[in-house]
Amino acid sequence: MAVSVAVSAFSQSYESKWAAIDSRKAPAWFADAKFGIFIHWGVYSVPSYCARGYAEWYWKHYTDPGQKDDYASSLKFHNETYGKDFQYFDFAPMFKAELFNPDEWADIFQRSGAKYIVPTSKHHDGFCLWPSKEADESWRRPWNAVSNGPHRDLMQDLSTAVRNKGLKFGFYYSLYEWYNPLWLQDKQKYISDHMVPQFKDVVNRYKPSVIFSDGEWELPDSAWHSVELLTWLFNESPVKDEVLVDDRWGGNTRGKHGSYFTSEYGSGMAPGVLWEENRGMGYSYGYNRVERLADYRTTRELLVMLCDIVSRGGNFLLDIGPSADGKIPVIMEERLLQMGDWLKTNGECIYGTRPWKQSYQYSQGKLPEYKEANYASDFDINKMIIPKNDGTASVEAFFTTKGKTLYCILPWFPSQGFTIKDYTLAPGAKISLIGYSSRIDFQQKGKDLLVKIPALSPSEVPPSGIYVLKVE
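Residues numbered from 1 in each chain as written. Predicted model: local features only at pLDDT ≥ 70, side-chain atom pairs only at ≥ 80, totals over all residues. Heavy atoms only, no water.

Chemist: Looking at this structure, how should I read the packing of aromatic side chains?
Modeler: The description of an aromatic ring pair uses the distance of the two centres, along with the angle that the planes make with each other. Across all of its chains, the model carries 53 aromatic pairs by this definition. Measuring from centroid to centroid gives 4.4 Å for Trp 59 and Tyr 88, while their planes differ by 10°, and the two rings are stacked. Here Trp 59 is found in helix α3 (residues 58-63), whereas its partner Tyr 88 is found in the loop between α4 (69-81) and α5 (102-112), with 29 residues between them in sequence. Classification of Tyr 88 as buried rests on a relative accessible area of 1%. Taken together, a centroid distance of 5.6 Å and an interplanar angle of 90° make the contact between Tyr 265 and Tyr 285 edge-to-face. Linking Tyr 265 in the loop between β7 (261-264) and β8 (275-280) with Tyr 285 in the loop between β8 and α12 (299-311), this pair joins segments that are 20 residues apart in sequence. (Phe/Tyr/Trp six-rings, centres within 6.5 Å; stacked < 30°, edge-to-face > 60°. Helix = DSSP H or I, 4+ residues; strand = E, 2+ residues; numbered from the N terminus. Buried < 20%, exposed > 50% of the residue type's maximum accessible area, 1.4 Å probe, protein only.)

Now the structure itself:
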C-alpha cells in the first residue's frame, strides 16, 4: 500500500475496511512539519532504570524472566533499591510531577524548532496521564494521574500550553497493558469494555492531530477491531479531518496500513511513502538514570539524523524522557535548544521540503553496507558521513527541494569547494550559502556544478558545522 500525501484532507465517509481507510489522503501538515518531539513520562519515570535499553519497560523487565538480561539486572536493582515486597503500584504516589511547568516545556519545544508534540497518554503499564475511569475500573485501584500521583490532568495542561505556542499536539497510546487484570483474564472483553471506550475518551478530550498507536503486536488487527476503531476516528471523531495515525494496529499491519509508517532506531525508508523515524537521544525513551554522557547523541549527530531523514522524505520524532518531578533533564533541554539554533537559520531546507531525485551524494568508492530494518538496525548516518581510507564511499551531502529551489546540506565545510555531480544550473539561477551574506562563486564544469565557498569568520560558521547551499 502506498501512503499518499495530499494538499488537504477532504471530509468524507470511509467504509469499514482497510482498502477504504488506506485510500484516505494524509493531511498535509504532517509531511511539512518534519520535526516532532516524543515524550515518555509516567510511573516508570520514578525508578528510571535499565542497564542499557528502554527504562519505560521497567515493570516488565524486573517481573518477566523472558526479558533475559534485562530481567536479571532489573530484578537485582529493584530488590536492592526498593525491596522484594515493593510493588510497581507503590511507585505511583511517588510520581508527583511537582515541578512540572507546562508553559516552560512548551517554550523549550517551540525554541527547539519542533512542530508537533507526542506525549505518552498511556504506556504498557496502563497508567494514564488523564482522568481515565476505565483505568481505575479495570485495575481496581486509582491508576491515572488525577486519581493518583500528581492528582492533575497532565494531558490537559500540556496540550493547552503546547497549542498556545502554535504547535500541533498528538499522543502515544498503547493498545495493550502488560498486567491489566482484564487483559490477562479475557482479551476480547478487555478490548470491548476497556480499550475501545478509553481510546475514544482520550480522543474526544484532547483532539489529537496525530496518534502513535503501539503495543499492537500481541494480536492481529482483526482481534483489536482496528478497522472499526479507525472508521470511527475518520468518520465521527472531532479530529476526523486533521488526524493522522501510524501503522501499529495489529501484529500484521506495520508497513502496510496507516497514514504513515514507523521506523524505531531503524534505517528508515526510501522516498515514496510517508514515514517517521522515532528514537531517544540515548538508548532509552523513558528517563534512565544509568545513562551517561557518552550514551547521548550530540546535537550535531541529531541534526545530521534530521537532515538524513528529511532528505528521504521522512519525519524525525525525537524523544525526551522527563524525570518524575516533571523536569526535562538539562542535557535534553540543551540538545533541543541547540537544534533550534541551527533550525532558526537553516530551517527552510527542512520544513515543507520534499526529496530530490537523489537523497545523498556519495564520494568515490564502494557504497557502505548496513542492515536494513525498521527496528533496531545498525544503520548510523553519522558514521556514513566520515571520509574513509578503505575504499568505502562516504555521504558528502543531503538534498531537499522546495518548489524550484534545491538545498544541498553539507555535513563538513568544503574547503576545496563543493561539486554537485550531474547537475546543470538553469539560466539565471543563483546560489547562496544560508546565513552568509557575501557572494558565492560557481561555474559549470561539463555535467557538474562547482561551487566555491570562501573562508568564513567564526561568527559565520553555522551551529554544529552543518552548511546549507541554496540553489534558486
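Chemist: When you look at the sheet that holds strand β16 (residues 448-452) in this model, what are you seeing that I'm missing?
Modeler: Pairing between sheet strands relies on hydrogen bonds along the backbone, with the strands arranged either parallel or antiparallel. With antiparallel pairing, 3 strands are arranged side by side in an open sheet as β13-β16-β15. Only two strands of the sheet have a single neighbouring strand rather than two, namely β13 (418-420) and β15 (441-445). Between one strand axis and the next, the sheet turns by 25° as a mean value, whatever way the strands run. In this structure, β13 lies alongside β16, joined through 3 bridges in antiparallel fashion. Its bridge partner being in β16, Thr 419 is matched across the sheet by Leu 450. (Pairing = 2+ DSSP bridges. Axes fitted to C-alpha atoms, helices over the stretch in contact; angles between N-to-C directions.)

Chemist: It is not clear to me how the pairing of strand β17 (residues 467-471) should be interpreted in this structure. Could you clarify?
Modeler: Moving residue by residue along a regular strand, the side chains alternate between the two faces of the sheet. Across the 5 residues that make up β17, a large majority, 5, are buried. Along β17, one buried face is formed by Tyr 467, Leu 469 and Val 471 and the opposite face, lined by Val 468 and Lys 470, is buried too. By the bridge criterion, 3 bridges tie strand β14 (residues 431-433) to β17 in an arrangement that is antiparallel. Among the inter-strand pairings, Ile 431 is bridged to a residue of β17, identified as Val 471.

Chemist: Would you take a moment to explain the sheet that holds strand β12 (residues 405-410) for this structure?
Modeler: What the 5 strands build is an open sheet, ordered β10-β11-β12-β17-β14; its pairing is antiparallel. Every interior strand has two partners, whereas the edge strands, β10 (354-362) and β14, have only one. On average, adjacent strands in this sheet sit at an angle of 20° to one another, irrespective of strand direction. Of the pairings in the sheet, the one linking β12 to β17 comprises 5 bridges and is antiparallel in character. Counted as the bridge partner of Tyr 407 is Lys 470 from β17. Here α12 sits on the sheet in contact with β10, β11 (395-402) and β12, set at roughly 55° to β11. (Contact = heavy atoms within 4.5 Å.)

Chemist: Would you mind showing me how to read helix α11 (residues 226-235) here?
Modeler: Since the α-helix packs 3.6 residues into each turn, any two residues three or four apart lie on the same face. Among the 10 residues that make up α11, 8 are buried, leaving the element largely enclosed by the rest of the structure. Tucked inside the fold, the buried residues of α11 contact α1 (18-22), α9 (187-206), β5 (210-214), α10 (221-224) and β6 (244-245).

Chemist: Quick question: what am I supposed to make of the nonpolar core here?
Modeler: Ranked by internal contacts, the top residues of the largest apolar core, which has 131 residues, are Phe 109, Leu 233 and Ile 381. Non-local contacts of Leu 233, meaning those with residues more than four positions away in its chain, are made with Val 203, Ile 211, Val 239, Lys 240, Val 243 and Val 245. Formed by 22 residues, the second largest nonpolar core is a distinct cluster that contains Ile 420, Ala 429, Ile 431 and Ile 453. (Core = buried A, V, L, I, M, F, W, Y, C linked by side-chain atoms within 4.5 Å.)

Chemist: I tried to follow the layout of surface pockets on my own but got confused; where do I start?
Modeler: The gaps left among the atoms become clear once a water-sized probe is rolled over them. Of the voids in this model, the largest pocket is the one considered here, and its volume is about 410 Å³. Lining the largest pocket are 26 residues; nearest its centre among them are Tyr 265, Arg 279, Arg 297, Met 305 and Phe 379. Counting residues per element, the ones that place at least two in the lining of the largest pocket are β8, α12 and α14 (381-384). Residues of the lining of the largest pocket, tallied by class, amount to 12 nonpolar, 5 polar and 9 charged. The computed volume of the second largest pocket comes to approximately 270 Å³. In this structure, the second largest pocket is lined by Cys 50, Arg 52, Gly 53, Tyr 54, Trp 57, His 61, Gln 67, Asp 70, Tyr 265, Tyr 283, Tyr 375 and Ala 376. Counted by class, the lining of the second largest pocket contains 7 nonpolar, 3 polar and 2 charged residues. (1 Å grid on protein atoms, 1.4 Å probe; cavity = no way out; pocket = protein on both sides within 12 Å on 5 of 7 lines; lining within 4 Å. Points joined across faces, edges and corners; volume = space filled by probe spheres on them. Nonpolar A, V, L, I, M, F, W, Y, C, P; charged D, E, K, R; others polar.)

The values are spatial; any link to function lies outside them.
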